[in-house]
Amino acid sequence: MTDFTLTAPLTAPGTAWDEVRAHPELVWGHGAPDLEPGRDYDANNALGIGGQGRIETVEPGRVEFSWAGDGWQQPGRFLLFIGTDLVIEARAVPDEQAPAARDYWQRAVATASGYLNQPDPAGTAPRAVLFDADGVLQSSRPGWLAEFTRIGGPTFVADAFAAELDCLTGDADLKPRLERLLACGTGGSVDEILQVWHDLVVDPDALAVVDRVRTAGLLAVLATNQQSYRGARMRHYHEMDRHFDHVFYSYEVGVAKPSAEYFQHILDVLELPADQVVFVDDSPSNVRAARAAGIPSALHRTSDGAAGLASELAALGVPI
């Protein structure tokens, strides 16, 4: 068994614990549970790589939990500490799984500390609201990651996300990349993968919140990372664009979140200063980047749904 410790300094330790309690996805990723003893979870990071475990004990600034990556025979034991530093202690991780576990949790520590160390800038009365799509207005159908693995093989999820990166900026075509990946896998087809990838569940209540923003006299702006095939599905099948005054699909913009250029492009088109724009996204890295660009931003917890979205906007000064 292997033990390791990962540490990152915190610039605002006084508020960090409350932030993690409110947003456990900062550490555990998408699908994170409430931090309550006995909570089981199955969570994954922005690359679609994840694991399962249980929240064992919770005390102020300290969480004991189990976690096992996909395919593990037994879980490892972990501790989270939040004080002047954010610390993850891994205990009793199977030796053969230790390198992958270290990489996974190093990414989690970097994501969480990066978000916690980026203050939210002050804003004035907002005139425009930027909405992320995935995890805020829509989601993939439950079980899609398992379908990816079934069709493409055990490493396909991570490989597909890596192949998609250049496609998000319009610099590459996703289909040939998927064809190359699948040629080495289980014999699944690109059409099968895209059918799963594009099987979106749009939240009508969240879109109603967008409509209320427009009714209040603010600009509603779609700010989403998409490759061209998925973006076309959103645009033509789900008619997403009709809810917005402006849309910024990353593959059309030529840059993607969390780049500073993406947010600056939007500000330039809107002809608004950053402090008159607000942003909501479920990705800590994207929220951090928007805040660094001077845009007041909220991290959305997907499980809070449309009610959470409305509350987050109200906290940002949106009259909703």
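Keep in mind that this is a model prediction, so the values were computed, not measured. (Residues numbered from 1 in each chain as written. Predicted model: local features only at pLDDT ≥ 70, side-chain atom pairs only at ≥ 80, totals over all residues. Heavy atoms only, no water.)

1. A few points about the packing of helix α3 (residues 98–116) against helix α12 (residues 284–292)
Test applied: Inter-axis angles, ranging from 0 to 180 degrees, are taken between N-to-C directions of lines fitted to C-alpha atoms, where helices are fitted over the stretch in contact. Numbering goes from the N terminus for both helices and strands, where a helix is a DSSP run of H or I of at least four residues and a strand is a run of E of at least two. Working rule for angles: under 35 degrees goes down as roughly parallel, over 145 as roughly antiparallel, 65 to 115 as roughly perpendicular, anything else as oblique. Less than a right angle of anticlockwise turn of the near helix away from the far helix marks a crossing as left-handed, whereas a clockwise turn marks it as right-handed. Throughout, a residue-residue contact means that at least one pair of heavy atoms, one from each residue, lies within 4.5 Å. Any residue that is not Ala, Val, Leu, Ile, Met, Phe, Trp, Tyr, Cys, Pro, Asp, Glu, Lys or Arg is counted as polar, Gly included; the first ten are nonpolar and the last four charged.
Running from amino to carboxyl end, α3 crosses α12 at an angle of 30°, the nearest separation of the two axes being 9 Å. The angle between α3 and α12 places the two elements in the roughly parallel class. Handedness of the α3/α12 crossing: left-handed. Residue-level contacts link T111, G114 and Y115 of α3 to P284, S285, V287, R288 and R291 of α12. The residue makeup of the contact of α3 with α12, split by class, is 3 nonpolar, 3 polar and 2 charged.

2. Considering helix α1 (residues 13–22)
Residues lying three or four places apart along an α-helix face the same way, a consequence of the helix completing one turn every 3.6 residues. What counts here: Exposed residues in this analysis have more than 50% of their type's maximum accessible area, buried residues have under 20%, and partly exposed residues fall in between, with area computed by a 1.4 Å probe over protein chains only. Comment: arc refers to directions from the helix axis out to C-beta atoms.
Residues A16, W17 and V20 constitute the buried set of α1. Projected onto a plane normal to the axis of α1, the buried residues spread over an arc of 90° and lie on a single side. Every exposed residue of α1 that faces more than 90 degrees away from the buried side is listed here: G14 and D18. Tucked inside the fold, the buried residues of α1 contact α2 (25–28), β3 (50–59), β4 (62–69), β5 (76–82) and α3.

3. Re unusual backbone geometry
In this model, K257 is joined to P258 through a cis peptide bond whose omega is 10°. Take P258: it is sitting in the loop between α10 (250–253) and α11 (260–270). Phi at A92 takes a positive value of approximately 60°, unusual for a residue other than glycine. If you trace the backbone, A92 turns up in strand β6 (residues 85–93). For A92, a relative accessible area of 28% corresponds to the partly exposed category.

4. Description of a negative patch on the surface
Condition: Nonpolar side chains (Val, Leu, Ile, Met, Phe, Trp, Tyr) are joined into patches within 5 Å and like charges within 9 Å, using only residues with over 30% relative accessible area and no salt bridge. Throughout, the Shrake-Rupley method with a 1.4 Å probe supplies accessible areas, and for residues the shown protein chains are the sole cover considered. Salt bridges are identified by distance alone: a Lys or Arg side-chain nitrogen within 4 Å of an Asp or Glu carboxyl oxygen. Counting rule for charge: Lys and Arg are taken as positive, Asp and Glu as negative, and neither His nor the chain ends is counted. Charge positions are represented by NZ for Lys, CZ for Arg, CG for Asp and CD for Glu.
Together, D173, E179, D191 and E192 make up a negatively charged patch on the protein surface. One can find D191 in helix α7 (residues 190–197).

5. Things to note about the pattern of salt bridges
All told, the structure shown has 19 salt bridges when counted by the stated rule. Here D120 ties to R291 by a salt bridge, and the two come within 3.2 Å at their closest N and O atoms. One end of the pair, D120, is in the loop between α3 and β7 (128–131); the other, R291, is in helix α12, with 171 residues separating them in the sequence. One salt-bridge network, in which partners are shared between bridges, spans E25, D34, E36, R39 and R301.

6. Here we look at the side chain of N286
Of note, N286 is situated in helix α12. Residue classification places N286 among the buried positions, given a relative accessible area of 8%. Filtering out sequence-adjacent residues up to four positions away, N286 remains in contact with K257, P258, F263, F279 and D281.

7. What about the nonpolar core?
Operational definition: Joining through side-chain atoms within 4.5 Å is the link that ties buried Ala, Val, Leu, Ile, Met, Phe, Trp, Tyr and Cys residues into a set, and such a set is a nonpolar core.
Ranked by size, the top nonpolar core spans 38 residues in total, and within it W28, F65, L80 and W105 carry the most contacts. Broken down by secondary-structure element, the contributors of at least two residues to this core are β1 (2–9), α1, α2, β2 (40–44), β4, β5, β6 and α3. By residue number, the principal contributor to this core is α3, which donates 9 residues. Once residues within four sequence positions are removed from consideration, W105 is found in contact with L6, V27, W28, F65, W67, F78 and I88. By size, the runner-up hydrophobic cluster in this structure holds 28 residues, among which are V136, L218, V280 and L313.

Shape is all these values report; function is a separate question.
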